Amino acid sequence: MREIFVANTDEIEDRERVVIVDGSLEIGVFRLGDDFFAWENNCPHSGGPICQGRIMNRVIENLDENKKSHGFLYVDEDVHIICPWHGFEFNIRTGVHPGDSQAKLNGFDVLVRNGGVYVEIE
Ligand code: FES
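Everything quoted here is computed from the prediction, not taken from an experiment.

*Asks:* Just checking my understanding: could you explain the pattern of salt bridges for this structure?
*Replies:* A pair can form between side chains of opposite charge whenever their charged atoms are brought close. One pass over the structure, following the stated rule, counts six salt bridges. Its salt-bridge partner being R17, residue E16 comes within 3.3 Å of it at the nearest N-O pair. Take E16: its relative accessible area is 34%, and that puts it in the partly exposed class. Overall, R17 belongs to the buried group, its relative accessible area being 19%. Where D35 meets R93, a salt bridge forms, and the shortest distance between an N and an O atom there is 3.0 Å. With D35 in strand β4 (residues 35-40) and R93 in the loop between β7 (89-91) and β8 (96-97), the pair connects residues that are 58 residues apart, well separated along the chain. Judged by relative accessible area, D35 falls into the partly exposed class, the value being 35%.

The rules behind each value
- Residues numbered from 1 in each chain as written.
- Predicted model: local features only at pLDDT ≥ 70, side-chain atom pairs only at ≥ 80, totals over all residues.
- Heavy atoms only, no water.
- Salt bridge = Lys/Arg side-chain N within 4 Å of Asp/Glu carboxyl O.
- Buried < 20%, exposed > 50% of the residue type's maximum accessible area, 1.4 Å probe, protein only.
- Helix = DSSP H or I, 4+ residues; strand = E, 2+ residues; numbered from the N terminus.

This is how it looks when you write it as structure tokens:
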């Protein structure tokens, strides 16, 4: 196991990410508030650069009891990364696709120490 320095905490804005390269491995490190998450930059759909996609809240359709639509809503607590190749979305906190729990990003542990952000790689 080894650690790779990513950035100082104040160098990663809230709801942003940095992508680091270690040999053939690319890792996106995301910040949501005071929490950090690290995912391999390799979309499980077809290998696209998932970590370089757009970040936005999950969108759900606002349906009433008769299934009539009243537009769309953003879900504040579910922040997603959207793959730039074909649009698959993954929850940044869990790495899981919202519609298919079998579709997951490959994750890494993140350490925050003395103002620095590190990822652990085996
Ligand atoms: S490669 Fe990511 S959605 Fe297809």
